[in-house]
Amino acid sequence: MENFIAYNPTTLHFGRNILTILGATLEEYGNRVLLVYGKGSVRKSGLYDKIMADLKMQGFVVSEYGGIKSNPVIEDVEAAAAIGRERHVDVILAVGGGSVIDSSKIISVTIPVQNPAWDFFTGKAKPVSAIPLVAILTLAATGTEMNPFAVVTNHALGQKSAFGSPLTFPKHSFLDPGLTITVPLDYTAYGVADLIAHCFEAWFGIGETTLTDRFVISIVKEAMEFGPKLLGDLKNYKYREKIMFAATMALNGMTMYGRSTGDWGVHSAGHILSLLYDVPHGASLTIVYPAWMRHFRDRTGNRIAQLGSGLFDKQLTVEETIDHIEDLFKSLGCPTHVSDLKIAGDLRKPILESMIHNKVNGGNVKMNEEDYAALIALFL
Ligand code: NZQ
Ligand code: ZN
């Protein structure tokens, strides 16, 4: 095992009717709220109206920033931070999926400083304080609700980058599985794929830790059992509940106990597809993972075979395991090659250039330009 520190300050509220204490929770921080949300799902579902009515009735002064894009961009973060600064907000209420909550984390540390928000991603600025963040999660996938990470795109610089600090954990996250019932089939599948990929990133990291490996296998098995059931019955609360719980556990630290790092090379490469072609995050991972395992099987074969026997309850070769995992992604309806997305043009060159520019790499399995070219050939 590797030495590790376990730290997670987020209070999680999970289940039905949990929003009844939203007002009391926000009140701990003050009464000027910055409400942040996405392109429209919260308005369509009625959640926006409900929250607005509740907050106004309870005397909160609400400013808002709507329109955060999926694969969020730095311009929205800046614009929302400017509103928060001008209105002297006491607390941020993020209502949405990973894109909204990630953006809100960066908004929370940008409001108190003069620096541009992107400075946190380059290391030019370190957060000094954060406006408290309360999140209401509407899409089970990223785990952002209980971790400090935020991933934002800067198209002007051609980068999709991650940032995290002890200051960027949400103070409270509200997870009512009922709020995810409106997530459409495709994003529900991408969410299941994303949580599986988070487990794999931990699995391929550094540190031998049998107990944590068992956590990982359990979480993936939960997704393998209930993911397909949910996709066949999108309005089923019980299945939504299971996937939401699994997604949070997949990236809240517990799959990392006893490891010094995860790998994250597949995420790093997947971000290039999202950056260049706006590929949904989960779909980018189901495209890159099989290719990554095939290309790096000489370096990771042992772990791939262990993963295979843990997940599929029989002895499998490395190749068979990779085939099974690829089939699993296909059975969720996710793409496993870029060609499945039918994007026109020559993609090899821009992807390669962007991988070089973004220094795509893993924490354990290191990549060079030859690896990039081989990976691209496998996943195009
Ligand atoms: O924008 P709206 O209208 O809200 O629609 C969203 C969006 O179109 C929609 N949606 C969300 N909740 C819904 C809903 N539609 C119907 N009903 C609901 N209840 O779903 C679409 C996707 O939303 P988005 O927030 O983009 O998805 P996700 O949660 O998968 O987040 C993806 C982002 O998170 C980053 C990804 O890179 C990507 O930018 N990640 C963040 C991580 C973290 N913070 O730990 C880790 C991940 O590996 C990942 O990198
Ligand atoms: Zn992910």
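No experiment lies behind these values; they were computed from the predicted model shown.

What counts, and where the lines are drawn
Residues numbered from 1 in each chain as written. Chains lettered and ligands numbered in written order. Predicted model: local features only at pLDDT ≥ 70, side-chain atom pairs only at ≥ 80, totals over all residues. Heavy atoms only, no water. Donors = N, O, S within 2.8 Å, 3.2 Å for Na, K, Ca; no water. Buried < 20%, exposed > 50% of the residue type's maximum accessible area, 1.4 Å probe, protein only. 1 Å grid on protein atoms, 1.4 Å probe; cavity = no way out; pocket = protein on both sides within 12 Å on 5 of 7 lines; lining within 4 Å. Points joined across faces, edges and corners; volume = space filled by probe spheres on them. Helix = DSSP H or I, 4+ residues; strand = E, 2+ residues; numbered from the N terminus. Nonpolar A, V, L, I, M, F, W, Y, C, P; charged D, E, K, R; others polar. Domains from an automatic or database assignment. Phe/Tyr/Trp six-rings, centres within 6.5 Å; stacked < 30°, edge-to-face > 60°. Lys NZ or Arg CZ within 6 Å of the ring centre and 35° of its normal.

K.L.:
Help me understand the coordination of the zinc ion (ligand 2) in this model?
P.N.:
Each donor-metal-donor angle in an ideal tetrahedron of four donors is 109.5 degrees, and each such angle in an ideal octahedron of six donors is either 90 or 180 degrees. The zinc ion (ligand 2) binds to the protein through Asp194 (OD), His198 (NE2), His267 (NE2) and His281 (NE2), with metal-donor distances spanning 2.0 to 2.1 Å. Accessibility expressed as a relative area gives 2% for His198, which makes it buried.

K.L.:
Please explain empty space enclosed by the protein as it appears in this structure.
P.N.:
Sizing a probe to match a water molecule and rolling it over the atoms shows the empty space that remains. Tallied over the full model, the rule gives 1 cavity of 30 Å³ or more. Together, Leu139, Ala140, Thr180, Val183, Tyr187, Thr188, Leu230, Arg240, Ile243 and Met244 line the largest cavity. For the lining of the largest cavity, the element with the highest residue contribution is helix H9 (residues 237-250), accounting for 3 residues. Grouping the amino acids of the lining of the largest cavity by side-chain chemistry returns 7 nonpolar, 2 polar and 1 charged. Summarising the domain contributions, the lining of the largest cavity has at least three residues from each of domain 1 (11-180) and domain 2 (185-379).

K.L.:
Got a minute to help me understand the packing of aromatic side chains in this structure?
P.N.:
Aromatic rings considered in pairs are described by the distance between their centres and by the relative angle of their planes. Counted by the stated rule, this structure contains 14 aromatic pairs. With centroids separated by 5.3 Å and ring planes inclined at 20°, the aromatic side chains of Phe4 and Tyr257 adopt a geometry described as stacked. Taken as a pair, Phe4 in the segment before strand S1 (11-14) and Tyr257 in the loop between H9 and helix H10 (265-277) lie far apart in primary sequence, 253 residues in all. The class for Phe4 is partly exposed, based on a relative accessible area of 39%. Relative to Phe163, the ring of Phe121 has its centre 6.1 Å away and its plane inclined at 65°; by these criteria the two rings are edge-to-face. Taken together, the residues Phe121 in helix H6 (residues 119-122) and Phe163 in strand S7 (residues 159-164) connect sequence positions 42 residues apart. Of the two residues, Phe121 and Phe163, both sit in the buried class. Each member of the aromatic cluster is reached from another via a ring pair, and the members are Phe200, Phe204, Tyr289, Trp292 and Phe296. A cation over a ring is seen here: Arg16 above Tyr237, with NZ or CZ 3.8 Å from the ring centre.

On their own, these measurements won't tell you what the molecule is for.
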